[in-house]
Structures are given as structure tokens and as C-alpha cells.
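Coordinates in review
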Number of protein chains: 2
Amino acid sequence: MTGVYVVAASMTDFGPQPETGVHDLAFDAVWQALESSGIPPDLLELAYAGHAYQGPCFGQKVLMKGGLTGMPILNVENACASGASAVMGVIHAIQAGQIEVGLAIGAEKLTRPGGGFLPIVADDLDSSMGRVMPAAFAMQARLHMERYGTTAEQMAMVTVKNRANAMKNPRCHMKKEVTIQDVLASPMIADPLNRLACCPNSDGAAAVILASETVARRLTNRPVKIAASVLVSGLRTPHGIVDDHSEMSVRASRIAYEKAGVAPGDVDVCEMHDPFNIAEIIHYEDLGFCAPGEGGRFVEDGRSAIGGDVAVSPSGGLLAKGHPLGATGVAQIAELFWQLRGEAGAYQVEGARVGLAHTVGGGVSQLEAGACGVHILTV
Amino acid sequence: MTGVYVVAASMTDFGPQPETGVHDLAFDAVWQALESSGIPPDLLELAYAGHAYQGPCFGQKVLMKGGLTGMPILNVENACASGASAVMGVIHAIQAGQIEVGLAIGAEKLTRPGGGFLPIVADDLDSSMGRVMPAAFAMQARLHMERYGTTAEQMAMVTVKNRANAMKNPRCHMKKEVTIQDVLASPMIADPLNRLACCPNSDGAAAVILASETVARRLTNRPVKIAASVLVSGLRTPHGIVDDHSEMSVRASRIAYEKAGVAPGDVDVCEMHDPFNIAEIIHYEDLGFCAPGEGGRFVEDGRSAIGGDVAVSPSGGLLAKGHPLGATGVAQIAELFWQLRGEAGAYQVEGARVGLAHTVGGGVSQLEAGACGVHILTV
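Residues numbered from 1 in each chain as written. Chains lettered and ligands numbered in written order. Predicted model: local features only at pLDDT ≥ 70, side-chain atom pairs only at ≥ 80, totals over all residues. Heavy atoms only, no water.

What follows covers the relation of the copies chain B and chain A. Each copy of the sequence occupies a distinct position, and chain B is placed on chain A by a rotation of 180° and an axial shift of 0.0 Å, giving an RMSD of 0.0 Å. Interpreted geometrically, this transformation is the action of a two-fold axis. Within chain B, the C-alpha atom positioned nearest to the axis of rotation is that of A96 of chain B, 1.9 Å from it. (Least-squares fit on C-alpha atoms with pLDDT ≥ 70 in both.)

Now the structure itself:
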């Protein structure tokens, strides 16, 4: 089984892009990945396209804009983990010896004339009765506060940190720094989650090119190794009640650490799934960056800031960079590619050698199963 | 790279199933595959679920009905080739050495209260102006008639053959034999395609379990080898005008024959993509069973009947078994599994040792790209 390496990466700006269709957005990302790396398009042998709501044969519609049909194109969906699933699909095809070079695309257009959020599943009683995403995370926040003394201020600090990181990343949706007071004073969405505790609905796309070990070194002198590619499924709340952690995140990360042969303490930079600020606090604990219950203190002590123990979402994360569902998991890999090559510019994590990307998707209601993807990248 | 084998297969009845939700249908197929083979559920390490229109995290929703979440589940879409893509995803994961045993699910529920066909893509001018599937195939039929002298009677013979095959397959949607006159007298849908030239909208699901070479022989004494798994993308009409053949089918089948080391004449049984009867005539030629232009004569001479040169769609095919989009490609693999093990009952192709499954999806309009999957199975 060959090693698999990231050899090129790109993403479009995240944020409302009313003038640009989603296929154009995604193709822009593909083209940037090719152009920035100098990889000839005809080396691509297979593509996986991750998205959740963009309709049939999405990858074909994207790639035909550049005459890039011909190769196998598989469209893959796993809610917020769609992008991670696309990356995994390409990795498997390379490890299988079927291809040497493959493309993972992630894209989503979530902003719509008139606004509005994701469709509610009609036959899901939980969500149609109000247990939509913000409500589900709000219950987790309440439990975490109750059980561990996590404070509203600590949750706000996650937003403050990620907004500050985003000021250095021109691709971000959110372009304004905020204070703890700004977060707490913003309109209440689902108590205790204020508006600034929630990620925005964004448009955007990302692309990464992966290659087998032999070919990777011919395509770039700085390939970034995929040390682990893990996907698990599971219930958001396996015990049928609100949890103060994400079981899927715990399980996926433990498998990934073992495959990669690294420990949580070895991770220099983490692009984490933070659709709500409480999620980041919970995931510090899930991924083993601190003990259960210590997530609030972890952010308060600056241990997740750039320059801290582990830089969490130096790109701005979902909260500030934005969250175009299918794009997110691929964009995380792109961010780690830049970080581990020392190309992240103003938000570079100095000396980063181990990166972790983490997404959790689906499973908003008690009875719905979802997916969690964890990738570990090393140089 | 390990060989990959089919070790279990199942499908539900195809046809209208108003009382059963699509997740239940799909789980029935999974459970039948497990139960009929005696394979313990906990051997499954990964699943791909193929569907086109069944909503986010489909595979998770199916598998949680049996407590089978935990493993990686990837949801894959490629229009009519969604099932073939799911099978390919599992094959890659096994060849990659990531798993020993994996599950491919395909399912779709197309019947709806009030009826109606697939949604028309709003931004596709071609189809919103009337170039929907029957119209696109009707134009191909006209061209084939004009160019090669193919007759309406020959096209009708495809329907007659597949309906007759279906009489021996209790899982089929269509349960009535028809004559050439019945076909020609049925209401005109898109000249020259009458109603009985078109496949029905069906509900249904199928599942296959695949395993690496070592494990396969422990799970069954009659594993069926995947000799080639090929997916290509492309335009339905690469030249921008109506074609008398399917370029994707020609290309995918040639790659598959080379990978499997077999010639078209070696194929004993073929489950073919026949959404309209003209498609089967065209695909005889595309897959190399006869020369271009000779497809009409091929069916007329009985060479595609059970007992002919190559038994084409002995199961009844899309025309008579039905066509629940995502299920079709997986059900084709299930049919070949039964044929190559001599378990197909009344529609058994005697002595079948080489089987080919073929699906083409998407790309109805001139400007839309789709996918074609070809699998060759051998014993």
C-alpha cells in the first residue's frame, strides 16, 4: 500500500457570492489548485466531489467546465463531513493502486435570495419540533456549563479567538474582530448561544490534489503526507440523551492517532469543527487536547491560540472563515497543507509539523446517525 | 493489491411499495444479504450507499435500523450509475487494504402519491424546453432507424424479451407478458418510443457484500470475482449532436474488457442499462456484442435471449424488473452473483461464467456530463 500525499490545494473566498453559481465556484477552486502547483490537468485520473445539497452529477457539472470529464467522478455526501469523505475516497483509490493522482473537490452554496437555513427533514419529529442545530448545541452547552462550570465568557472567547485569526486570512467570510462583550450582547439564538456563537451560512469551494508516494515527489518538492484518514459513523447522542462530548469525535480521533503514530500532544495545528463556539470547547476534550471538562479553561488560558499548545483553527474555523458544508472538509486539508509547508502567511503556525482536520456531520436529532472524519497530516 | 469477491447479495422486490419507507426497504436488502449468507453483521467494516434523491446521510439512516452504525459510511451519487459507484467505492477500500469486508447498498423510492417523474433541473434549458429522458432517447432511436434501418418492431422485441424474462423473476415490477403489437399500440410518449418502450418508476433496494480474496473464501465456498470495476464520466453527446451510440459505454466497456482479460464474445450474461428499449439495441453495439448498426438484427435473431450468444438482462432489466435509480447498479451485481453461482432459478443462464453489468447515468441534455459504470464478474 503506497503512502498518499497532498501535492496541491486551493480554496475560493468563503462568504456570500450571489453572482457566482456553485459549479463555477467549485471549478475556480479546481483550477487554482492546478495552476498554483503547475500540475497538468491531464494527470488527474479520478475525482471525488463532496457536497450536501447541490444536486445530481455535481462533480461532472463542475469538471466539464474545464473539459475535465472522462475520468471516474464520484459524488459523495456526508453532511458536514462530505468534504472529508471526498478526500478519503481519493486516498482509497490511490492506496488501491487504481490511480496515481486524484482530485478531491468540496463545494456548497448556502446563501439564497431571501436567506433561510438548511432544509428541515420533514419526517424527523425532533427537528420539526425545534431541535434544529442551534438548539441541539445549546443543550450541550447547558450541560457542559452545569457539569464543569464552563462559562458563557469562555464560550465567547472561542469566537473572539477565531474572529481574530480570521483577520489575517483574506479568504474568510467574517471580516470583523469582536470582543467577549460583542458576543454576549448579540441576539440570543438558542440560550446560551448568541448569534456570534454560531457560524454563518457561506458559499465556497475548495480542492486538493493527492498523489501516490512516487509521483508526489515528482510533482512537488514539499508533499504533505496523509498519516491517517479516518471516517466513522454513529449517533450524535448514543445514549439517547444530551451528551457533554461527541462520541464520534472521540472514537475517530483515537483511531487516527493510532494509525498516524502520534499523540494529541504532538498536534501543532488543528482545523476543527466549530459550527458553534461550544463545539470547539467540547472538541478540545474529544480530541484529547485537554481532559474532559477542561475545555473552557483551555481557551481561556490561550492554549488553543496561535502560539499556544495547539493552534486550533488558525484559519478562522467555521465560526469565522465560514461553513459551506461540502467545502469545509476539503478546505481544512488545504489549510493544513499550507500550514505544514509554511505557506499560511499571516496566520502561519511556526514550525508546524503535525496537523489534524476534524469534521462532524449529520445527526442533529437523537435518532439520526451522522459521520465524523479525522485526517492527520505530517511533514 | 488483493482480488475482490462478491460473497453475498440481495434485493427487495422492485415496484411500487407505498407502505414502506426507503430506509426500511434498503435495510431489508442489507438484512437479506447478511441472513442469506450467514455472514455476521460485525464483519462489515465499511459501507457505501448509492442513491440519487433520498436525502442527506442516507446510508446512516438505513444502517442504524440494525444498529450497524460505527463503521465508515459514504453516500455516493452518480444518477443511474449511483449503485455502480457504491460498488466501486467498496472495491477500492478493499484493494487499498483498509478493510477486508464491505457493504454496497443501492436504493431509491421513485413512486410518489400523485405520480410524476424525476425533477427537471431548473437551470438546464435543454430539459426545461422538453429534452427530457424519453425525448433524448427518442432522438437516438430516430437516428438509429434512419442510419441503420432499425425498425419499430425490433425495438419492441427488446421489451417483449425483457418482459418474458421478467415472468420468471418474482422480484420484478412488471408482471405481464406483452407482444410486439402491445408495445406498438401503447400510448406514444416520444415518437418513436411508446409507453412500453420505457422503463417504469420503481421503488426498490439491493445490497452486496464484498470481501478480499483471503476472507472471501472463508465466507463462502463460491465467491464471485470482480474481474473489472470501471467508471468513466463524459458527455451524453460528445459531439454536441444526437449520437447513434453511447460514447461512455464504448469507452468504459473497452477498459473493462482489457482489465478483465476477456472479450465481448466471452460474456455469457449481461445486465444492461435499458431505460428505453432503443438503449438496449444501441448498447449491444456499444459493448461489442455486435457491430455498429446491427443491434436491431441482434435482438430479432434471438442472440440476446436466454440461450442466445449473450443473455442480456435475463432478470428483466430496467424495462421489466424496474429502475429504482440508486438500486439498479447494485441489483445488477446481485443478479450476476446469482447467475454465476447457478442460483438464478427459472431465469438461469446455463453454464454462465462471465457476467457484465452496465449502467449509464446523467447527461440528459447536450451540455450535461454523466457517468457510466461497467463491472465484469467471473467464476
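Moving on, there is more to tell.
Before going further, it helps to examine the packing of aromatic side chains. Residues and elements named next belong to chain A. Applying the stated criterion to the full structure yields 6 aromatic pairs over all chains. Relative to W31, the ring of F27 lies with its centre 5.7 Å away and its plane at 25°, an arrangement referred to as stacked. Of this pair, F27 and W31 are both found in helix α1 (residues 22–37), 4 residues apart, which corresponds to roughly one turn of the helix. We classify W31 as partly exposed; its relative accessible area is 36%. Ring geometry for Y284 against F298: centres 4.9 Å apart, planes inclined by 55°, an arrangement best described as tilted. Of this pair, Y284 sits in helix α10 (residues 277–286) while F298 is found in helix α11 (residues 295–300), placing the two residues 14 residues apart along the sequence. F298 gets classed as buried once you look at its relative accessible area, which sits at 1%. (Phe/Tyr/Trp six-rings, centres within 6.5 Å; stacked < 30°, edge-to-face > 60°. Helix = DSSP H or I, 4+ residues; strand = E, 2+ residues; numbered from the N terminus. Buried < 20%, exposed > 50% of the residue type's maximum accessible area, 1.4 Å probe, protein only.)

A few words now on the packing of helix α3 (residues 82–95) of chain A against helix α13 (residues 325–340) of chain A. All names here are of chain A. Here α3 crosses α13 at 55°, and the two axes come no closer than 5 Å. Accordingly, the angle class assigned to the pair α3 and α13 is oblique. For the pair formed by α3 and α13, the contact residues are S82, G83, A84 and V87 on the first element and G326, G329, V330 and I333 on the second. Tallied by class, the residues present in the contact of α3 with α13 amount to 4 nonpolar, 4 polar and no charged. (Axes fitted to C-alpha atoms, helices over the stretch in contact; angles between N-to-C directions. Parallel < 35°, antiparallel > 145°, perpendicular 65-115°, else oblique. Contact = heavy atoms within 4.5 Å. Nonpolar A, V, L, I, M, F, W, Y, C, P; charged D, E, K, R; others polar.)

Another aspect to go through is α3 of chain A. All names here are of chain A. Here α3 spans 20 Å end to end across 14 residues, near enough to the 20 Å set by a 1.5 Å rise per residue. Within α3, 14 of the 14 residues are buried, leaving the element largely enclosed by the surrounding structure. Backbone geometry just after α3 places G97 at a positive phi near 80°. (Expected span 1.5 Å × (residues − 1).)

Residue and element names in this part refer to chain B. Locating D286 in the fold gives a position in helix α10 (residues 277–286). The buried charged residue D286 lacks any salt bridge partner; its closest oppositely charged side chain belongs to R254, at an N-O distance of 7.1 Å. Side chain to side chain, D286 and H283 meet in a polar contact 2.8 Å long. Residues contacting D286, with those up to four places away along its chain left out, are H245, S246, S249, V250, S253 and R254. (Lys, Arg positive; Asp, Glu negative; His and termini not counted. Salt bridge = Lys/Arg side-chain N within 4 Å of Asp/Glu carboxyl O. Polar contact = N/O pair within 3.5 Å; in protein donor to acceptor, adjacent residues only side chain to side chain.)

On to the pairing of strand β1 (residues 4–11) of chain B, then. Two faces, one strand: in a regular strand the side chains alternate between the faces of the sheet. Residue and element names in this part refer to chain B. Of all 8 residues making up β1, 8 are buried, and the element is well covered by its neighbours. Here 7 bridges tie β1 to strand β7 (residues 203–212), and the two strands are oriented antiparallel to one another. Note that in β7 the partner of Y5 across the bridge is A211. Relative to strand β8 (residues 224–235), β1 runs antiparallel, the two sharing 2 bridges. Across the sheet, V6 pairs through a bridge with V224, a residue of β8. (Pairing = 2+ DSSP bridges.)

Bear in mind that shape data such as this cannot, by itself, settle questions of function.
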